[in-house]
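Observations on chain architecture
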Amino acid sequence: MLAKLAHFPADENSYGFEIKWDGIRALVYTAQGRMRILSRNGKDITRQYPELNGLIDALTIPDCILDGEIITYDAEGRPSFSRLQHRMGVTDGKKLAALAQMIPVTYVIFDILACNGKQLLALSYTERRSMLENLHLSGSHWQTPPWSRDGAALLVLSRRLRVEGIMAKKLDSLYWPGRRTDAWLKIKNLLRQELVIGGWLTGEGSRQGTIGSLLVGYYDGSPQLRYAGAVGTGFTAAALKQLHALLTGLAQSENPFSETPPHTDPQYIRPVLICEIAFTEWTLNNTLRHPIFKGLRYDKNPRSIVREYYGKGG
């Protein structure tokens, strides 16, 4: 089930509120003593997160489906999508074991979709949350955070903690797989948008010879990307090295955007990489204001990336 970008709901009493976690969405399936973890695009990522294997032993029910977010924490105890980047796509066993110690993940569980082999999709949010809490899933690498009826207070707390924002979920809402409805709302402190990389600009000064900015865009129904701006901040040295290797291998002469970006000598690439960007607002020219690179994403199809609007899908 997906959420719509929205302002804080006027009918606050109709919703339960949760922290919005900055990670990757994942479903956990357990059956006959075995566990699988699937990403949002249906990819099996069980092997990538070995520290979550113990979750199946913590479950007191034989077969279930859990919904949640895989996250990592920074040094100050906040979810860090940038740190999580180091765990994505790694398949080498020795490297995985080392990363599990250096950058451990936590599975934040916020919903249960099946229990003892019986689907729970037709139950309300409050009924499903009650069943989930009765499982007492709290361990070294998994937790079930509480939810609140006081959304205003939780929003203030999320800003004080400098996390992404909060979720508002209607108390009587059913679970609609794959659908984005008014039942689940995401209320962000700083706007976030997934975008497709269509090119890059060569850096200057300390970044000479590498990437200065990423040229990003989204799809709006046309076969080409709609240009959304250039992103030149938020990169670590490791991210710049990774991006440079990836982007140079995807070079093409054709402009993937529906318009020509207003920059000198852009380097275009095949639009197959997705990045997540934080920013303050959309400008009147439909580009990002104060964009900050947060990391690459591998859990979606690039063609599914559209601009998010308040109250609409994205």
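These remarks concern the structure in this document. As the structure is a computational prediction, the values presented were derived from the model and not from experiment.

What counts and how
Residues numbered from 1 in each chain as written. Predicted model: local features only at pLDDT ≥ 70, side-chain atom pairs only at ≥ 80, totals over all residues. Heavy atoms only, no water. Salt bridge = Lys/Arg side-chain N within 4 Å of Asp/Glu carboxyl O. Helix = DSSP H or I, 4+ residues; strand = E, 2+ residues; numbered from the N terminus. Buried < 20%, exposed > 50% of the residue type's maximum accessible area, 1.4 Å probe, protein only. Core = buried A, V, L, I, M, F, W, Y, C linked by side-chain atoms within 4.5 Å. Contact = heavy atoms within 4.5 Å. Pairing = 2+ DSSP bridges. Axes fitted to C-alpha atoms, helices over the stretch in contact; angles between N-to-C directions.

1. Some points on the pattern of salt bridges
Scanning all chains against the criterion turns up 22 salt bridges. In this structure, E164 and K20 form a salt bridge, with 3.2 Å as the shortest nitrogen-oxygen distance. Remark: K20 occurs in strand β2 (residues 15–20) and E164 occurs in the loop between α5 (151–161) and β9 (165–170); sequence separation between them is 144 residues. E164 gets classed as buried once you look at its relative accessible area, which sits at 8%. D220 is the partner of R226 in a salt bridge, and the nearest nitrogen-oxygen pair spans 3.6 Å. What makes R226 partly exposed here is its relative accessible area of 25%. For D220, a relative accessible area of 43% gives the class partly exposed. Through salt bridges with shared partners, one network takes in D22, R192, E194, E276, R297, D299 and K300.

2. Re the nonpolar core
Counting 28 residues, the largest nonpolar core has L66, I70, Y107 and L137 as the members making the most contacts within it. Of all the secondary-structure elements, those providing two or more residues to this core are β3 (24–31), β4 (34–39), α1 (55–58), β5 (64–71), α2 (81–84) and β6 (106–115). Ranked by the residues each element gives to this core, the list is headed by β6, at 4 residues. Leaving out residues up to four positions away in the same chain, I70 has contacts with G23, I24, A26, I37, I45, Y49, L52, L84, V105, T106 and Y107. Counting residues in hydrophobic clusters, the runner-up holds 26 residues, among them L214, V216, A228 and I269.

3. Comments concerning the environment of G117
Structurally, G117 can be placed in the loop between β6 and β7 (118–119). On the basis of relative accessible area, G117 is assigned to the exposed category, the value being 61%. The spacing of G117 and Q143 is 26 residues in sequence and 22 Å in space, taken between C-alpha atoms.

4. Topic: the pairing of β4
In the sheet, β3 pairs with β4 via 6 bridges, with the strands oriented antiparallel. Pairing of L27 across the sheet is with L38, part of β4. Between β3 and β4, which pair antiparallel and follow one another directly, the connecting turn spans 2 residues, one of which, Q32, has a positive phi of 50°.

5. Examining the sheet that holds strand β11 (residues 191–202)
With antiparallel pairing, the 5 strands of this open sheet are ordered in space as β13-β12-β11-β14-β17. The open sheet terminates on both sides in strands that have one partner only, identified here as β13 (226–231) and β17 (292–297). For this sheet, the mean inter-axis angle between neighbouring strands, taken without regard to orientation, is 45°. As paired strands, β11 and strand β14 (residues 267–279) are joined by 9 bridges and run antiparallel to one another. Bridging from a neighbouring strand, W200 pairs with Q267 of β14. Taken strand by strand, helix α6 (residues 237–248) contacts β11, β12 (211–218), β14 and β17, and its axis lies near 65° from that of β12.

6. Let's talk about the sheet that holds β9
If you trace the 4 strands from one edge of the open sheet to the other, you get β1-β10-β9-β2, paired in mixed fashion. Lying at the two open borders of the sheet, with one neighbouring strand each, are β1 (2–5) and β2. Taking the axes of each pair of neighbouring strands and ignoring which way they run, one obtains an average angle of 35° across the sheet. By the bridge criterion, 4 bridges tie β1 to strand β10 (residues 180–188) in an arrangement that is parallel. Counted as the bridge partner of L2 is R180 from β10. Across the sheet, helix α4 (residues 125–133) is in contact with β2, β9 and β10; its angle to β2 comes to roughly 55°.

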